[in-house]
Amino acid sequence: MTDIIVIGGGIAGTSVAARLAPHASVTLLEAENVLAYHASGRSAALYESNYGLDTTVALSKASADYFHQSGLLSDRGLLIAARANEREQFEADTAMLKLELISPADALAMIPILDGAQVAHASHHAGAWDIDTDRMVQDFARELRTHGGRLQTKSRVVSITGGAGAWAVHTEAATYEAAIIVNAAGAWVDELAKLAGVTPLGFTPLRRSMVRIPAPGGHDVSKWPMFFGVGESWYAKPDAGSLIVSPAEEHPMPPMDAWADDMVLAEGLARYEALVTEPVTRIEANWAGLRTFSPDRHLTVGFDVHTDGFFWHAGQGGYGFQTAPAASQLAADLILGRAPEMDAGTVSALSPERFA
Ligand SMILES: Cc1cc2nc3c(=O)[nH]c(=O)nc-3n(C[C@H](O)[C@H](O)[C@H](O)COP(=O)(O)OP(=O)(O)OC[C@H]3O[C@@H](n4cnc5c(N)ncnc54)[C@H](O)[C@@H]3O)c2cc1C
């Protein structure tokens, strides 16, 4: 019998399984053939520690040492560009992300396709980084295996019986027994809870789409910062010599293998094109992923209030990578009964007790 079964092989499940493995016998079950097939394979891969609610910022900042010591980060920077009539939202975004005001000319020097006739306000900081997300997932998977943990792909959990201390988790091919279940099933966390007879907490998967376009105007985009329209109405980011552009939509969806909506992409690209001089002439690829949020949009990390031995590691929203080092540490501390390193206020704001 395993001590702990972690269900879900995205960044959330892989990181928490890795943290637990040195201290317990751990099995990670993932439905797909590979790790990180869903949201974790479709992100923008940014580490911007001022982005999100206060608890998200706390987790992201507590993850800084891990990121900076891991070699997973490379320089990117972040820039917001706005028209004259967008000043109020521009100032709010700039304050939230703690960016520095720069002149439109400075913004154009960094991103030469910005339209000088449109951009009236700009802000920037260098303190945002690209995360090597593939390597991050693989690093955690290696850590799990190194400590004797089991990692089973192609293992969709179809039913769960038993209870705390003696859970039986059934896939089509096998049954796994454990004292504790960790629910890290991304968009499926509420569905998975139902399988175990646990009351769902009301998570909503929100689709966000992305297109990859050739480097605009043939520019070398590699050193451009990620750039946003105000109110996160679109963003663009260099990616392997091309540019990825997102309409930044938040459309509620059932849990599924999400795909991009053509109309949403077209509208998002139009918002991007309105601020740049190079029209989009070709799309290289498009995709979408589900960013899954709890009802109050804070992550949910903690044992279920009504069902012993059932742990939620859920609602990573748009921050699953940048919060993962600290969130997985917190989850492991709580599961192993250790005093959490995170401050008590954040721990309680993330607890499922807030929904009881
Ligand atoms: C377009 C986009 C941009 C983003 N940009 C960023 C960013 O810049 N920075 C950042 O930090 N975050 C970003 N995110 C968010 C980040 O990708 C997510 O928060 C994170 O990937 C969620 O990880 P997860 O492990 O919870 O979910 P997932 O990666 O979806 O993993 C859940 C896994 O559970 C498995 N599963 C479900 N049900 C079962 C079952 N019954 N049995 C077995 N396995 C099951 C699924 O197959 C899936 O692999 C972005 C997301 C999107 C979509």
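Residues numbered from 1 in each chain as written. Predicted model: local features only at pLDDT ≥ 70, side-chain atom pairs only at ≥ 80, totals over all residues. Heavy atoms only, no water.

A word on the site of the ligand
- In the neighbourhood of the ligand, 38 residues make up the surrounding shell, with E30, S40, V157, G317 and Q322 lying closest.
- In the model, an oxygen atom of the ligand is placed 3.0 Å from a nitrogen or oxygen of the A12 main chain.
- At 3.0 Å from an oxygen atom of the ligand is found a main-chain nitrogen or oxygen belonging to F321.
- Burial of the ligand by the protein chains amounts to 96% of its free accessible area of 1000 Å².
- Going through the elements one at a time, α1 (11–20), β13 (204–213), β18 (285–293) and α9 (320–335) are the ones with two or more residues in the shell around the ligand.
- Per-element accounting of the shell around the ligand gives the leading share, three residues, to α9.
- Taken together, domain 1 (2–44 + 133–201 + 296–355) and domain 2 (78–125 + 204–293) each give at least three residues to the shell around the ligand, which thus spans both. (Near = heavy atom within 4 Å. Polar contact = N/O pair within 3.5 Å; in protein donor to acceptor, adjacent residues only side chain to side chain. Areas by Shrake-Rupley, 256 points an atom, 1.4 Å probe, with all protein chains shown as cover. Helix = DSSP H or I, 4+ residues; strand = E, 2+ residues; numbered from the N terminus. Domains from an automatic or database assignment.)

Considering the domain arrangement of the protein
- According to the domain assignment, the protein contains domain 1 (2–44 + 133–201 + 296–355) and domain 2 (78–125 + 204–293).
- Distance between the C-alpha centres of domain 1 and domain 2: 32 Å.
- Each partner contributes to the interface: domain 1 provides 16 residues, whereas domain 2 provides 18 residues.
- In this assembly, domain 1 packs against domain 2 so that about 1300 Å² is buried in total across both faces, 56% of it on carbon and sulfur atoms.
- It is R42, A44 and R297 in domain 1 that bury the most area against domain 2; as a group they hold 44% of the surface buried on that side.
- Counting the contacts that link domain 1 with domain 2 gives two salt bridges.
- Notably, a salt bridge pairs R42 with D257, separated by 2.8 Å at the nearest N-O pair.
- Its residues assigned to classes, the side of domain 1 that touches domain 2 shows six nonpolar, seven polar and three charged. (Contact = heavy atoms within 4.5 Å. Buried area = accessible area lost by both parts, 1.4 Å probe. Salt bridge = Lys/Arg side-chain N within 4 Å of Asp/Glu carboxyl O. Nonpolar A, V, L, I, M, F, W, Y, C, P; charged D, E, K, R; others polar.)

Regarding the nonpolar core
- Residues I4, V6, L20, V26, M136 and V182 are the most contacted members of the largest nonpolar core, which totals 44 residues.
- Elements with a contribution of two residues or more to this core: β1 (2–7), α1, β2 (26–29), α3 (64–70), α6 (133–146), β12 (175–183), α9 and α10 (344–350).
- Here the element with the most residues in this core is α9; it accounts for eight residues.
- With residues near it in sequence (within four places) discarded, V26 still touches T2, I4, V6, A17, L20, A21, L144, G149 and R150.
- Of all hydrophobic cores here, the second largest spans 30 residues; its members include I102, W234, V245 and M253. (Core = buried A, V, L, I, M, F, W, Y, C linked by side-chain atoms within 4.5 Å. Buried < 20%, exposed > 50% of the residue type's maximum accessible area, 1.4 Å probe, protein only.)

Topic: the pattern of salt bridges
- On inspection of all chains with the given rule, the structure shows 17 salt bridges.
- D130 is the salt-bridge partner of R76, the closest N and O atoms lying 2.8 Å from each other. Separated by 54 residues along the polypeptide, R76 in the loop between β4 (73–75) and β5 (78–82) and D130 in strand β8 (residues 129–131) bring together distant segments of the chain.
- What makes R76 buried here is its relative accessible area of 12%.
- Residue classification places D130 among the buried residues on the basis of a relative accessible area of 12%.
- Taken together, the salt bridges that share partners define one network made up of R208, E232, E250, R291 and R297.

Quick word on the packing of α1 against α6
- Remark: α1 packs on α6, axes separated minimally by 8 Å, with the N-to-C direction vectors making an angle of 35°. Handedness of the crossing formed by α1 with α6: left-handed. Where α1 abuts α6, its residues I11, T14, S15, A17, A18 and R19 lie against M136, V137, F140, A141, E143 and L144. (Axes fitted to C-alpha atoms, helices over the stretch in contact; angles between N-to-C directions. Left-handed = near helix turned anticlockwise from the far one by under 90°.)

Some points on the packing of aromatic side chains
- On inspection of all chains with the given rule, the structure shows 15 aromatic pairs.
- Seen in terms of ring centroids, F227 and W234 are 5.8 Å apart; in terms of plane orientation they differ by 90°. Their pairing is edge-to-face.
- A relative accessible area of 3% places W234 in the buried class.
- Across from the ring centre of Y37, 5.1 Å away, lies the NZ or CZ of R42, which sits over that ring.
- The cationic tip of R297 hangs over the ring face of F293; the distance from NZ or CZ to the ring centre is 3.9 Å. (Phe/Tyr/Trp six-rings, centres within 6.5 Å; stacked < 30°, edge-to-face > 60°. Lys NZ or Arg CZ within 6 Å of the ring centre and 35° of its normal.)

Some words on the pairing of strand β10 (residues 157–163)
- For β10 and strand β11 (residues 166–171), the ladder comprises six bridges, and the chain directions are antiparallel. Bridge pairing links S159 to H170 in β11.
- Here β10 hands over to β11 after two residues, with G165 in that stretch at a positive phi of 85°. (Pairing = 2+ DSSP bridges.)

A word on the environment of A12
- Here A12 lies in helix α1.
- Residue A12 is classed as buried on the basis of its relative accessible area of 12%.
- Once the C-alpha coordinates of A12 and G315 are considered, the two residues, 303 residues apart in sequence, prove to be 9.6 Å apart.
- In this view, A12 contacts A184, H313 and Q316; residues no more than four positions away in its chain are not counted.

Some remarks on the sheet that holds β4
- The three strands are arranged β3-β8-β4 in an open sheet whose pairing can be described as antiparallel. The sheet terminates laterally at β3 (46–47) and β4, the two strands that pair on one side only.
- As paired strands, β3 and β8 are joined by two bridges and run antiparallel to one another. Note that in β8 the partner of Y47 across the bridge is W129.

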